[in-house]
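# Report on the structure
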Amino acid sequence: MSSQRNKIPENIVILDDSSDDEDTPSTNRTILTPTPPPSAPHAPPRPAEPPVATTAAVRSLDSQSFWKAGAYEEINLTRPTLLPGELEHARVHPKFLHSNATSHKWAFGAIAELFDNAVDEINNGASFVKVDRIYNKRDNSPALLFQDDGGGMCPDSLRKCMSLGYSMKKANTTIGQYGNGFKTSTMRLGADVIVFSRSSRASQATQSVGLLSYTFLRKTGQDDVIVPMVDFDISNHWAEPIIYGSQDDWSSNLKTILEWSPFVSKDELLQQFEDIGSHGTKIIIYNLWLNDEGVFELSFDDDDEDIRLRDEISRVALTKASKKAIETQAHISYQLRFSLRAYASLLYLRKLENFKIILRGKPVEQYNIADELRHPKVVTYRPQVSTALKEPTVETTLGFLKEFPAISISGFNVYHKNRLIRPFWKVTGDGNSQGIGVVGVLEANFIEPAHDKQDFERSSLFHRLEMRLKQMQLEYWRGHCELVGHRPLDKKTSARTLQNNISISPPVEHNRNVQQNFQSSDSATGISANGQDKILNKPFIACITNPRQELSGLQPRKSSGTSFNNEMAVQPPGKHAAKSVEGQLVEISGSAASIDQICEENIQLFVRCEEHAEKEKLLKRTVEELEKELEDTRKKCAELSSHLERQRKDKIIIQAATT
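What comes next concerns the included structure. (Residues numbered from 1 in each chain as written. Predicted model: local features only at pLDDT ≥ 70, side-chain atom pairs only at ≥ 80, totals over all residues. Heavy atoms only, no water.)

What follows deals with the side chain of Gln272. As for its placement among the helices and strands, Gln272 is situated in the loop between helix H7 (266–270) and strand E11 (280–288). Other than its neighbours up to four places away in sequence, Gln272 contacts Phe196, Phe263, Lys282 and Ile284. (Helix = DSSP H or I, 4+ residues; strand = E, 2+ residues; numbered from the N terminus. Contact = heavy atoms within 4.5 Å.)

This is the structure we're talking about:
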C-alpha cells in the first residue's frame, strides 16, 4: 500500500545559483512499495539523462593536483531536449566547482568550514564531530571522514546543502551564513564527496545519500553539475526507497552512486548508516588532492593522532635547526600552520560545552592563549558603527607570552562569532622592538569575515581596528616592558634608532634657491656632498611620506613640483624648506620626540579624526531630525492656532445669538 507525502525536488539535482526561498509550495511524493498499485501517482516522463561516456570517450584527470585540476579537455555530449512548456535554466558548469573551491588557499581553512557545520548543529543536539582517515575500498587510497551526531538532514535539506546559495542558518549565533561552505570545503580537499544523513522530521524518519563527484562530472563530460541522490523512509524500521519520478529514475541514481563512489553494492551503502544512530551526518571525501610533487597534501603518517600539511612540514625541515628556531617551531603559533590538532585547539574562543572535536580517535583540547598570558590587561574598544542600534564594545586581552623572551612572537588572535579568523595577526612592522612578545585576543563581531573565513573584508572599520590594535600594543609595551626585563626607549636610544632606520637623501630639485641653500649648508647639516648620510647633533627637518612603514606616521600633503623617492626626505632648516611641504614637516633634534612617539601621535590623531567624523555624521543626523521635529511642531502650532481661532469665532457667534 502506498502513501502520499510532500514532494521535494527530483532525485538528480541540477545545481543552480539559488536563493534562500524556503516557502516554495510542495506537491505529493510517493513511497515505493514492492508492488505499487496502478493508481500510484507519477511525475510526467522526463527526457533521458545525458549518456555516460563510453570507455573511449572517458578522459582521466589531467592532474590530481588541486591547483591544476580546473584545466581539462571537455567532452561535447548532446543536451536533452526540453519538455513542452519547460523553460531553459542557467546551468553551472562542473569547472565552477573547482574555481569556487579556490577561495580556500589553505586546506585547513576548508576543514574548519566542516567543523563549523558540526558546531552549528550543537543547537540540534550534536555532542561531537569525528575526523579520521579511512580507506577507499576500490583502490585502497586514503579518504577523509567527518561524522557528527547532530540533527541530520532530511531529503529536502540535503538537496539544499548540495545546491549553491541555500542557507537555512538564520540565527546570529551560527557561523555559516552564505550557503557555500560545504561545496567549497569538500571540493578543496578532494575531487569527490559522498554524504550520508539520517534525520527525523514531523514523525517521519528518513535517511539520504548524495554524491557530489567532480570525477564523475568530468569523465562523463557533463556541462552541468548533476548530483545523484537516493532517499529512504525508515519510519517503519526498514528502508523503503522514496520515489519522486519513477522507479527507473531511482534505480538510475543508485546505479550512478555505486559506480562512482567507494561502495559497490546497495547493502554496502546502507551499512554506512549503522554507526550514525537515529540522527546525524557522515561525510566521506575521497580522491584526495595531491601536491606538486605528486603526493597527498594531507599527511596521516607523521603523527597517528594528527593530520598535517605535508608542504608546511617540508618548509620546517628546511629551516636551520638552531635552538631558538626549534623553540619557536614548537610553539602553537607555528604549529597551527601544519598541525590540524594545534589549529583546532585554537579554532573557537569560548569552550564548546558538551561538545568534542575528536581527531583520529583522540579529543582535541581547546586552548585559549589569553588564559596563559603574563601580566594580562583588558582594554575596551568601542568601534564607531553608524548602523548599529547599540554601540558595540570589544574587550581585548593583552599580555606577554609566558615563553617570552625565549620566544619573540607577537600578534592578535581575532575571532568572529567565537570562530578564529586571523591567528597571531601582526599589526606592527618587522624590526620594531617595541611590542615584541605582546599577544592579544579579541572577538570582533562588528566586521565581516571574508568568504574563506581566513581574513576580514577590507573596510573602514577594519582599518580603524588595525590602527587601534597597534596603538594598544605599543601602549601596553611601554607600560609593562619593565616587568619582563626591558625598558622603554630613552632619548639617546631614540636618536640611535632614528640614525639607523631613517634613509636620508637630498631633495629633488623643485626650486633653484632651495637647491643652492641645501648645497651650501652641507657642513651645517652633516650631509656630505656625495650623498652619504650622516646625522649630527644639529637639528634637521624630516618629512615622513610613507604611513604604512614602521618608521613613518604622518601622511603629508603632496606639494606640486615636489617628490620624494625615499621614505624620509631631508631639507635644511630655513623658510624655503618650511614652505615646500605646507607645514607637514617635523623638526627633529636631540631633544625632539622619537619616531615611535610621532607614530603613536599620528595613530591617536587618526583615531580622533575618525571619531570626529563619526560624531559629525551623528550631529548632522540629529540636526536633520530636530529640523523635522521643528517643522512638525510648527505645523501642530498652526493647526492649534487655527482651532483656537475657530473656537473663538464660534464663541462670539453663540454669545451674539443669546443676546
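What follows picks up the thread again.
Quick look at the pairing of strand E9 (residues 229–233) now. When you tally the buried positions in E9, you get five out of five residues, the bulk of the element. Burial along E9 is two-sided: Met229, Asp231 and Asp233 facing one way and Val230 and Phe232 facing the other are all buried. Two strands pair when backbone bridges link them, and strand E7 (residues 204–213) and E9 are joined in this way by five bridges, in the antiparallel orientation. If you follow Gln207 over to E9, its bridge partner there is Phe232. Of the strand pairs in this sheet, E9 and strand E10 (residues 240–243) are connected by two bridges, and their pairing is antiparallel. Its bridge partner being in E10, Asp233 is matched across the sheet by Glu240. (Buried < 20%, exposed > 50% of the residue type's maximum accessible area, 1.4 Å probe, protein only. Pairing = 2+ DSSP bridges.)

Close contact between helix H2 (residues 107–120) and helix H4 (residues 181–189) brings their axes to 8 Å; oriented N to C, the two are set at 140 degrees. Here H4 runs oblique to H2, going by the angle between their axes. Crossing hand, H2 versus H4: left-handed. Of the residues in H4, those touching H2 at Ala107, Ala110, Ile111, Glu113, Leu114 and Asn117 are Gly181, Phe182, Ser185, Thr186, Arg188 and Leu189. Class assignment for the residues of the contact of H2 with H4 results in six nonpolar, four polar and two charged. (Axes fitted to C-alpha atoms, helices over the stretch in contact; angles between N-to-C directions. Parallel < 35°, antiparallel > 145°, perpendicular 65-115°, else oblique. Left-handed = near helix turned anticlockwise from the far one by under 90°. Nonpolar A, V, L, I, M, F, W, Y, C, P; charged D, E, K, R; others polar.)

For the rest of this paragraph, the subject is the environment of Leu420. Of note, Leu420 is situated in strand E19 (residues 419–425). Leu420 sits 76 residues away from Ala344 along the chain, and the two C-alpha atoms are 9.5 Å apart. When near neighbours in sequence (up to four residues on either side) are disregarded, Leu420 contacts Tyr343, Leu346, Leu347, Asn413, Val414, Tyr415 and Lys453.

Let's shift gears to helix H12 (residues 460–480). Every α-helix carries 3.6 residues per turn, so stepping three or four residues along brings you back to the same face. In a regular helix each residue adds 1.5 Å, so 21 residues correspond to 30 Å; H12 covers 30 Å between its end C-alpha atoms and thus fits that length. The element H12 is extensively covered by neighbouring structure, given that 16 of its 21 residues are classed as buried. (Expected span 1.5 Å × (residues − 1).)

Moving on: the environment of Arg382. Note on placement: Arg382 falls in the loop between strand E16 (374–381) and strand E17 (394–400). Excluding anything up to four places from it in sequence, Arg382 contacts Glu391, Pro392 and Thr393.

Moving on, we come to the sheet that holds E19. Strand order in the open sheet made by the five strands is E16-E17-E20-E18-E19, with mixed pairing throughout. Both edges of this open sheet fall to E16 and E19, since each of them pairs with a single strand only. Strand-to-strand twist in this sheet, taken as the mean axis angle between neighbours without regard to direction, amounts to 15 degrees. Relative to E17, E16 is paired through six bridges, and the arrangement is antiparallel. When the bridges of E17 are listed, Arg374 appears paired with Phe400. Across the sheet, H12 is in contact with E16, E17, strand E18 (411–416), E19 and strand E20 (438–443); its angle to E16 comes to roughly 145 degrees.

With that out of the way, let us pick up the nonpolar core. Counting residues in each nonpolar core, the largest one holds 120 residues, and the members touching the most others are Phe115, Leu144 and Ile194. Per-element tally for this core: the top contributor is H2, with nine residues. (Core = buried A, V, L, I, M, F, W, Y, C linked by side-chain atoms within 4.5 Å.)

To continue, consider the pattern of salt bridges. Under the counting rule described, the total for this entry stands at 17 salt bridges. One salt bridge in this structure joins Asp455 and Arg458, with 3.1 Å as the shortest N-O distance. Three or more residues are tied together by salt bridges with common partners; here these are Asp303, Asp306 and Arg308. (Salt bridge = Lys/Arg side-chain N within 4 Å of Asp/Glu carboxyl O.)

The next subject is unusual backbone geometry. With an omega of 10 degrees, the peptide bond running from Phe404 to Pro405 counts as cis. Relative to the helices and strands, Pro405 is located in the loop between E17 and E18. In this model, Lys417 sits at a positive phi of 50 degrees, which is unusual for a non-glycine residue. Residue position: Lys417 is located in the loop between E18 and E19. A positive phi angle, near 55 degrees, is found at Lys453, a position not held by glycine. Since its relative accessible area comes to 5%, Lys453 is described here as buried.

Take Arg464: it is sitting in helix H12. Residues in contact with Arg464, not counting those within four places in the same chain, are Tyr381, Gln384, Phe606, Glu610 and Glu614.

With that settled, the discussion passes to a negative patch on the surface. Together, Glu624, Glu625, Glu627, Glu629, Glu631 and Asp632 make up a region of like negative charge exposed at the surface. In this structure, Glu625 sits in helix H17 (residues 595–658). (Patch = residues over 30% accessible without salt bridge, like charges linked within 9 Å, V, L, I, M, F, W, Y side chains within 5 Å. Areas by Shrake-Rupley, 256 points an atom, 1.4 Å probe, with all protein chains shown as cover. Lys, Arg positive; Asp, Glu negative; His and termini not counted. Charge placed at Lys NZ, Arg CZ, Asp CG, Glu CD.)

A few words now on the packing of aromatic side chains. Across all of its chains, the model carries 16 aromatic pairs by this definition. Relative to Phe263, the ring of Phe196 lies with its centre 5.7 Å away and its plane at 80 degrees, an arrangement referred to as edge-to-face. Here Phe263 lies in the loop between helix H6 (247–260) and H7 and Phe196 lies in strand E6 (residues 190–201), a separation of 67 residues in the sequence. Judged by relative accessible area, which is 0%, Phe196 ranks as buried. Phe263 sits in the buried class, given a relative accessible area of 6%. Taken together, the aromatic side chains of Phe400, Phe404, Tyr476 and Trp477 make up a single cluster linked through ring pairs. (Phe/Tyr/Trp six-rings, centres within 6.5 Å; stacked < 30°, edge-to-face > 60°.)

Right, let's get into the pairing of strand E14 (residues 356–359). The alternating pattern of E14 places Ile357 and Leu359 on a buried face and Lys356 and Ile358 on a face that is not buried. Relative to E14, strand E4 (residues 128–135) runs parallel, the two being bridged by four bridges. Opposite Lys130, over in E14, you have Ile358 as the bridge partner. One ladder, built from two bridges, connects E14 with strand E15 (residues 362–363); its direction is antiparallel.

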